[in-house]
Amino acid sequence: MSLASSSKKQLALLKSLTDGLLSDEEERGFTSGGFPSSSDVEFEQELSLAGCSADVIADVLVDLLDKGDRACDDVSDKSVVFWSKLENAEDQARMLLDKRNRIKAKIEYLESINDMHGVSEDYYFGMGPTVIPDHQNVALAIMKLEQKLQAVNNALKSHRLNLNTIESGLDSAQRSAKMALIALLKFIRSPNEHQLARNVQMERSQLTPVFANLVASLFKVTRKEFTIHTCRIVDGAICVFLNKMDSLHTILHVRNDEVFERGQAADVIFKLIGHCVCFGAKRGIIFTTEKHTSLDSNCYKIIQSAVQRDIQIIPVFIEEFAKELPSDSAVVKDMISTFKTFMAHPVFKIPIVKRPALPPPPPKPKKIKKKPPPTPPPPKMASPPKSPLPPPAPKRKKPVKPKPVRPPTPKKEPTPPPTPVKPPTPKKEPTPPPTPAKKTPTPPPKKPSVMERLNPTAPKEPPVFTDEFSDKPCTGTVKWSQPFNAEKDAKDLRKAMKGFGTDEKAIINILCYRANEQRQAIALKFKSAFGRDLVEDLKSELSGNFEDIIIGLMVPVPEYDASQLKKATKGLGTDDDTLIEILCTRGQDQLAAIKKVYKEKYKKSLEADVIGDTSGTFKKILVSLINAKRDTNNQVDLTVAKKDAKLLHEAGEAKWGTNEEKFNEIFATRSPAHLRAVFSEYRVLANKTITDSLKDELSGNFGKALKTIVAVIEDRCTYFADKLYKSMKGLGTKDSDLVRIVTSRCEVDMVQIKEAFQAKYNDSLENFIKGDTSGDYRRALLALVEEQSGKNEGIPDEPDEWVDATEYIDTTQYTGTIEDFPNFDAETDATKLRKAMKGLGTDEATLIGILCFRSNKQRQEIYSKFKTLYGRDLIEDLKSELSGDIENFLVALMRPADEYDASEIKRAVKGLGTDDDALVEILCSRSNSELDAMKEAYKRMFKKEMEDDVKDDTSGDYQALLVSMVTSVREEGDQINLTQVRRDAKNLLDAGELKMGTDEEEFNLVLATRSFPHLKAMFEEYRKLANKDLSESVSSEMSGNFKKGLKTIIKCVCGRSNYFAEVIYKSMKGLGTDDKTLARAVVSRSEKDLTQIKEAFEAAYSKTMEDWIVEDTGGDFQAALLAVVAGKMPEGAKAPEAEPEEPAEWIDAAPFKVEYSGEGTVKEAPGANLDQDAADLRKAMKGFGTDEDKIIEIICHRSNAQRKEIAEKFKQAFGRDLVKDLESELSGKLETIILGLMRDCREFDAHAIRAAVKGLGTDDDCLVEILCTRTNEELTEIKRLYQELFERDIEKDVKGDTSGIFGKLLVSIMNAARDPDTEQINLTKARKDAQVLFDSGEKKFGTDEEEFCRILATRSFPHLKCMFDEYEKIAGKDIAKSLSSELSGDIRNGLMTIAACVRDRQQYFADTLYKAMKGLGTNDKTLMRIIVSRSEVDLVQIKEKFQTAYSKSLGEWVESETSGDYKKAMMALING
């Protein structure tokens, strides 16, 4: 590649090649920065050397780079001095600012002291000048500080100017190297790809020094152990081969970014793997100059497949790589910029290539199949061969995109009548034990049906909006569109966004002319029909303000408000105007809805985010408003209104300074009607409006918020009209305000806002919008503000023919092979299961004999009882005792149906590869209700949305189909629209057989959304039109997993039993058995329709399912399958029989009754003024010091319910959190007591348990005291609150901090499944339990602690009380003595606590209090915990027990053991 003979021509060529690469400024620097000009004789001579090759130019380049480096070093040294000066000046500025802020804070504090009531001014001045300095002196000090600060800022500016000068010199010093490199690289790259290829063929080696040196400069900075072997262009990419220890190790692979932008990342990665295999490299690195979303999960799967061939593929983003470079390596960083420019050249664009499939890794061997021989590794080479390309891979046919399939709606199986259980026959009186009364749970709100969600009912009258701010009804401009067809709108929107370009007009005509509820139905139909998210599609197709307004319309109003509030508080800075606009203008119900949505969507409370982003009085007013406790009573008491007006006047105009808290209290809590009266009275009293006073007295955001409240109460529509006017007034438009107001008010009160706008500004809102906006943005706004008729002209008035669907509904009575086992006893089964797994070996026959003959509901009872009896997880025990297929099968039986399906979906998408067969089988065969339950279980179990995981592991039409299934909105109903049936059949024919290509989306829409009866009718109609079955058309038109999904839906519609018979047959057909599929099909259908599946199997394959199972499986797995499918018991196990009823002797439980509660010392304070309490508490904590006596007086003499109400009133009045204020003002033991009292009993217990297990060590006494003394209901509430407060599972935390039999005892208790108290006791069972305990302890060498835990943790307290008496008769000693002698450590403490509470709960607490104070020192934690937690429960009885047992009152003991405020609080609680 020789240069032209004339050096001037060469130079001209170099310059022409750099044209367009540099800006004008850079071109000027090109000449002045040191790069030779055309008149430079020396440079011309160098270029005209004979045979001037790239090697010579590279030498020139290296010399230039060295010069640039030296220049950079010189300039960098100079810059260090200025940087140090700059940092010193900034430190000085920070010190001065801190000092100024401290003085200002002191002034504010002194002013707040002057605002306090009841203290004379003389008192303050009597405190002396050291406490209250003269204000003039302080102001003078601040002024001097300001002057110093200004001087420092001037110095900062000077240093920065000097630094900029230095840095510009640095840029100039670097530019010569940069310009030379660009010119050289552009010269070497010919203008077109053909010329480059020819040049490379002629003199490939001449490229080596150029690009290799560039890469060396970049890569060797951080990878010094590598040397560059060679550099070449291979298959449209630059490949740099790097040696490590003199052998080829790494290939650097660089591609033009457009490759990634076209979504060809997977092709690039595949090519690189081929290069590594061909050349024997261990590692391939892909350099990209932009981050690309095309590096998706598919790419990483290919990367993982390369790992199996000992090849490491690493994507490197050049900017991330640059972070590893030394911070002072300016030239190298400049090279990165050059590198990016170099790669942007069109010569490196590569054509779209089809990636051949990588050979899959060797499959895992199955039991029957032989293991395939391992693939020999590719030969490694010390250096790359001459051929630049790996051998071509075979081409793959273009796959046909799969299409969505919809699961069949399973029929409801008839519920078998419960087996009657004979009542127990007592010896004396034949009275069976009564069933304890259960609280009827409040039913959850009814979820709207699928048809209701897809076809929302239009209101009979145009909706009218009212809330507490509205003194008259309001209406929006956007009306309900009638007639409404969500499917047609969804199809029109898809058409508007599909392919090239976007039809914005169609989007406006649909979304801007539908009510919000209709838009939600459209979005739902869009996802179910096309497997796509409408909002995401809109975001990808639209932009700017038009996108903002359309996306805002697509969410419910509370969610839109929540998103705007999140946006206002997110990131640096806060949009205070948005916070004020939303929080000060919404009613109580609206604020409550916004808070709920905010918490659900962002996993954080709105209040917490607002508190974190605001401060001072502004924060307080917003917190008060968020608390949503404004009075909504419209009745006005003029006396109270006059009083409030006077209070506002005294807090502002009539006072030196302003009492902001009083304004906060009245503005945030009074009803709008009351405030209107207050403002009227205020005008009479102050002779000025409240707005004028607010302008004079308040400033900043707090004043702005109060003025907004006044404006909204006086006329909210005028307020929004003003906001709209200001958003468009003057130069520029505040588009965010305009969009937010129009979007949020268009269905609320936009009609009245427009009227107010016209009245105030003598022009229409439409005219303002026309003058200030343009394009689609303007059209959308005008569509929303112009009053609509609600008439939808786009839907033809076509009559539909509806018929009854009975003919197409499957009326078969489906039954499973497993039903409820008669005379079922969960405890007996749990005991047998424990025995079968305890000790050495496992009795698999017993496990199969129980679990395979119980219904799922009964298995869940066994699971719960097993945990209660033994503190162990049955599923975990099964996993530890079993293995292989039998483990998977029995564990699957133990899971509820929804959890099992969810776990199978997770398994299908987890890790490398995807089990598409499992996804299709499950998602395409389940009903809406089953899919909904599955999604909830998936989120509960894996903390992720099932849809997201499925989308991540699939693609194309197949992905769309599965997303449609997961949406679970298949139509339901007992009628068929024959008109739609015919239309669907014709549409499918047109989309498939009669079309060039296939419209997969039409198949997705019909098969994924229509009801099964509708599809059955449609199949018949299609057969008439096409003269073939739809299944045949799908087979010929589709391919891959999409085809498999569609055919699954068709098969399930035609006969679900036949489909699952085929699934089971295929799982056993041929060599080997697909055990996972076989187990999944049998388990999931065992209680639904396995009987009919067996019949279909035999009819289709002329052989029973049992015979196939016997031939194709073996061992325990075969035995379990036969037990479920055919009810056959495994060898060595007894046939399942109903447990024989044991005659029982029943006695009255009254003598053994246990008192769970009594009378507390702290009771509700009658006639307490809780508003005054809140004010007194604020006063007690405001300013210097804290009035602990007042806090004790209030908190310790109010009931918990009253304390909660005080906290609410405190927040309303002052915008502050009472608990946080108490926490900041108190300390030590008093803080612990007061904060404990502010929580209700169960919340207090949850916090105590968290403290007991948090950090190093465990407070076992606390765990025992709480868990072993609480009832089932109390334990259930503790668990719920623990999860809610700490977002942790209490059982996992306790298990993690305890061990052995003690940990299992606590787990048993936390299961909250102790037998309920009844009016009678089974004396026979009590005697049996007593005998078991005696045999497990006193009579036995050693002790079987498990039996003690089983009985003491599960039996009701009256039963245990009776059993203790029987035990004493058998053992001749009290149960407590046996426990003390047989056990030790924490397990003894726990069981003895249960025994003590059974005997006398109050006595137990009295004894525990005594032990806490006995001897040297006091166990304050225990003392406080019991006094606080029992103060409203039974502290009166505990005091009596204490007095009787220890001949001294509890109060006297506590008084002698405590002191100070701690003693005052404790005595207040004890004395009441």
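Along each chain, residue indices are assigned from 1 in the same order as the chain's sequence is written. The predicted nature of this model means local features are confined to residues of pLDDT at least 70 and side-chain atom pairs, given and counted, to a pLDDT of 80 or more, with totals for whole chains, interfaces and linings taken over all residues. Excluded from the side-chain calculations are hydrogens and water; all other atoms, namely the structure's heavy atoms, are used.

## Overview of the overall build of the chain
Consideration 1: Helix and strand content of the chain: 71 helices and nine strands.
Consideration 2: Relative accessible area decides the class of each residue, using a 1.4 Å probe on protein chains only: under 20% of the type maximum gives buried, over 50% gives exposed, and in between gives partly exposed. The 1472 residues of the chain split such that 50% are buried.
Consideration 3: Contacts are assigned to residue pairs that have any heavy atoms within 4.5 Å of one another. A separation of at least 24 residues holds for 76% of the contacts in the chain among residues at least 6 apart in sequence. Runs of H or I in DSSP of at least four residues are treated as helices and runs of E of at least two as strands, each being numbered from the N terminus.

## A few points about the packing of helix α39 (residues 897-909) against helix α41 (residues 928-942)
Consideration 1: To obtain an axis, a line is fitted to C-alpha atoms, over the contacting stretch when the element is a helix, and the angle between two such axes runs from 0 to 180 degrees between their N-to-C directions. The contact between α39 and α41 brings their axes to 8 Å, and the two run at 65°. Considering the angle they form, α39 stands roughly perpendicular to α41. Crossing hand, α39 versus α41: right-handed. Residues Asp898, Glu899, Asp901, Ala902, Ser903, Ile905, Lys906 and Val909 of α39 lie in contact with α41, whose contacting residues are Ala933, Met934, Ala937, Tyr938, Arg940, Met941 and Phe942.
Consideration 2: Three classes are used, and their members are as follows: Ala, Val, Leu, Ile, Met, Phe, Trp, Tyr, Cys and Pro are nonpolar, Asp, Glu, Lys and Arg are charged, and the others, Gly among them, are polar. Considered class by class, the residues forming the contact of α39 with α41 number nine nonpolar, one polar and five charged. Oblique is the label for any angle not covered by the other classes, which are roughly parallel (under 35 degrees), roughly antiparallel (over 145) and roughly perpendicular (65 to 115). In this scheme the crossing of two helices becomes right-handed for a clockwise turn of the near helix relative to the far one and left-handed for an anticlockwise turn of less than a right angle.

## Remarks on the packing of aromatic side chains
Consideration 1: A pair of Phe, Tyr and Trp rings is counted when the ring centres sit within 6.5 Å of each other, with Trp represented by its six-membered ring. The angle between the planes then sorts it: under 30 degrees is stacked, over 60 is edge-to-face, the rest tilted. Overall, the coordinates contain 28 aromatic pairs when judged by the stated rule.
Consideration 2: Within the aromatic cluster, the residues linked to one another by ring pairs are Tyr725, Phe757, Tyr761 and Phe768.
Consideration 3: Note that Lys1103 overlies the ring of Trp1108, its terminal NZ or CZ placed 5.3 Å from the centroid.
Consideration 4: Geometrically, a charge over a ring is one whose NZ (Lys) or CZ (Arg) sits within 6 Å of the ring centre while staying within 35 degrees of the ring normal. Against the face of Trp1453 rests Lys1448, its NZ or CZ located 5.3 Å from the ring centre.

## A few points about the pattern of salt bridges
Consideration 1: Should a side-chain nitrogen of Lys or Arg be within 4 Å of a carboxyl oxygen of Asp or Glu, the pair is scored as a salt bridge. Under the criterion given, the structure shown has 94 salt bridges.
Consideration 2: We note a salt bridge from Asp722 to Lys760, for which the minimum N-O separation is 2.9 Å. Of this pair, Asp722 sits in helix α29 (residues 700-728) while Lys760 is found in helix α31 (residues 750-761), placing the two residues 38 residues apart along the sequence.
Consideration 3: Using a relative accessible area of 17% as the deciding quantity, one classes Asp722 as buried.
Consideration 4: Classification of Lys760 as partly exposed rests on a relative accessible area of 44%.
Consideration 5: Here Asp1221 ties to Arg1216 by a salt bridge, and the two come within 2.8 Å at their closest N and O atoms.
Consideration 6: What makes Asp1221 buried here is its relative accessible area of 9%.
Consideration 7: Salt bridges sharing common partners tie together Glu487, Lys525, Glu971, Asp984 and Arg1010.

## Regarding unusual backbone geometry
Consideration 1: Each neighbour pair has its own omega, and for Gln482 with Pro483 the value is -5°, a cis peptide bond.
Consideration 2: Considering the arrangement of structural elements, one finds Pro483 in the loop between α14 (450-454) and α15 (486-497).
Consideration 3: The phi dihedral of Lys603 falls on the positive side, at around 55°, and the residue is not glycine.
Consideration 4: With respect to the secondary-structure elements, Lys603 resides in the loop between α22 (588-602) and α23 (606-613).

## A word on the side chain of Asp737
Consideration 1: One can find Asp737 in helix α30 (residues 735-745).
Consideration 2: Exposure remark for Asp737: the relative accessible area of 13% places this residue in the buried category.
Consideration 3: Here a polar contact is taken to be a pair of N or O atoms separated by no more than 3.5 Å, where protein atoms must pair a possible hydrogen donor with a possible acceptor and residues adjacent in sequence count only if both atoms sit in side chains. For Asp737, the side chain forms a polar contact with the side chain of Arg740, separated by 2.7 Å.
Consideration 4: If sequence neighbours within four positions are ignored, Asp737 has contacts with Lys723 and Ser727.

## Considerations on the packing of α31 against helix α32 (residues 765-772)
Consideration 1: Where α31 meets α32, the axes come as close as 9 Å, and the angle between the chain directions of the two elements is 85°. Taken as axis vectors, α31 and α32 run roughly perpendicular relative to one another. Residue-level contacts link Met750, Lys754 and Phe757 of α31 to Leu765, Glu766 and Phe768 of α32.
Consideration 2: Its residues assigned to classes, the contact of α31 with α32 comprises four nonpolar, no polar and two charged.

## A short note on the nonpolar core
Consideration 1: Only buried residues count toward a nonpolar core. Its members are Ala, Val, Leu, Ile, Met, Phe, Trp, Tyr and Cys residues joined through side-chain atoms within 4.5 Å. One finds Phe889 and Met1018 to be the most contacted residues of the largest nonpolar core, which totals 209 residues.
Consideration 2: Excluding its chain neighbours within four sequence positions, the residues that come into contact with Phe889 are Cys852, Ala1079, Val1082, Val1083, Phe1117, Ala1120, Leu1121 and Val1124.
Consideration 3: Listed in part, the 102 residues of the second largest apolar core include Ile1191, Leu1281, Ile1309 and Met1310.

## Thoughts on α23
Consideration 1: Looking only at α23, the buried set comprises Leu606, Glu607, Asp609 and Val610. Buried residues of α23, seen end-on, are gathered within an arc of 165° and therefore sit on one face of the element.
Consideration 2: Taken together, the buried residues of α23 touch α20 (557-569), α21 (576-583), α22, α24 (616-626) and α55 (1200-1214). The arc in question is the one spanned by the directions pointing from the helix axis to the C-beta atoms.

## With respect to the state of the cysteines
Consideration 1: Note that a disulfide, as used here, is simply two cysteine sulfur atoms within 2.5 Å. A complete count under the given rule lists zero disulfides for this structure.
Consideration 2: Cys512 forms no disulfide, and the closest cysteine sulfur to it belongs to Cys746, at a distance of 8.3 Å.

## Considering α55
Residues separated by three or four positions in an α-helix point in the same direction, a consequence of the helix having 3.6 residues per turn.
Consideration 1: Helix length check: α55, at 15 residues, gives a terminal C-alpha distance of 21 Å against a target of 21 Å (1.5 Å per residue), a fit within 8%.
Consideration 2: Count one or two residues on from α55 and you reach Gly1215, which has phi positive near 65°. Each helix should span, by expectation, one fewer than its residue count multiplied by 1.5 Å.

## Comments concerning the side chain of Glu1231
Consideration 1: For Glu1231, the location among the structural elements is in helix α57 (residues 1228-1237).
Consideration 2: Glu1231 has contacts with Glu1223 and Leu1226, leaving out every residue within four places of it along the chain.

## Concerning the confidence of the model for the chain
Atom-level detail of predicted coordinates should not be read off regions where pLDDT is low.
Consideration 1: Predicted confidence across the chain gives a mean pLDDT of 78, with 72% of residues reaching 70 or more.
Consideration 2: Scored from 0 to 100, pLDDT records how confident the predictor is in each individual residue. When pLDDT is averaged over each helix and strand of the chain, the minimum, 37, is found for helix α5 (residues 121-125) and the maximum, 95, for helix α40 (residues 916-923).
Consideration 3: Scored below 50 in pLDDT, residues 176-209 shows 74 contacts in the model against residues more than four places distant or in partner chains.
Consideration 4: Note on residues 345-441: pLDDT under 50 across the span, and 210 contacts to partners over four residues away in sequence or across chains.

## Re the environment of Gly531
Consideration 1: Here Gly531 shows up in the loop between α17 (516-530) and α18 (534-541).
Consideration 2: In this structure Gly531 comes out as buried when scored by relative accessible area, which is 8%.
Consideration 3: For the pair formed by Gly531 and Met965, sequence separation is 434 residues and the distance between their alpha carbons is 8.2 Å.
Consideration 4: If we ignore the near neighbours within four places in the chain, the residues touching Gly531 are Phe526, Ala960, Val963, Ser964 and Asn1004.

## Looking at the environment of Gln1092
Consideration 1: Positionally, Gln1092 belongs in helix α50 (residues 1090-1101).
Consideration 2: On the accessibility criterion, Gln1092 (13% relative accessible area) is buried.
Consideration 3: Sequence spacing of Gln1092 and Thr815 is 277 residues, and the spatial spacing of their C-alpha atoms is 7.1 Å.
Consideration 4: What Gln1092 contacts, discounting residues up to four positions off in sequence, is Thr812, Gln813, Tyr814, Thr815 and Ser1057.
Consideration 5: Separated by 2.9 Å, the side chain of Gln1092 and the backbone nitrogen of Thr815 make a polar contact.

## Let's talk about the environment of Tyr1022
Consideration 1: Mapping Tyr1022 onto the fold places it in helix α46 (residues 1012-1026).
Consideration 2: Along the backbone, Tyr1022 and Asn987 are 35 residues apart, and their C-alpha atoms lie at a distance of 9.7 Å.
Consideration 3: Those residues in contact with Tyr1022 that sit more than four places away from it in its chain are Ala985, Leu988, Leu989, Glu993, Asn1027, Lys1028, Asp1029, Leu1030 and Ser1033.

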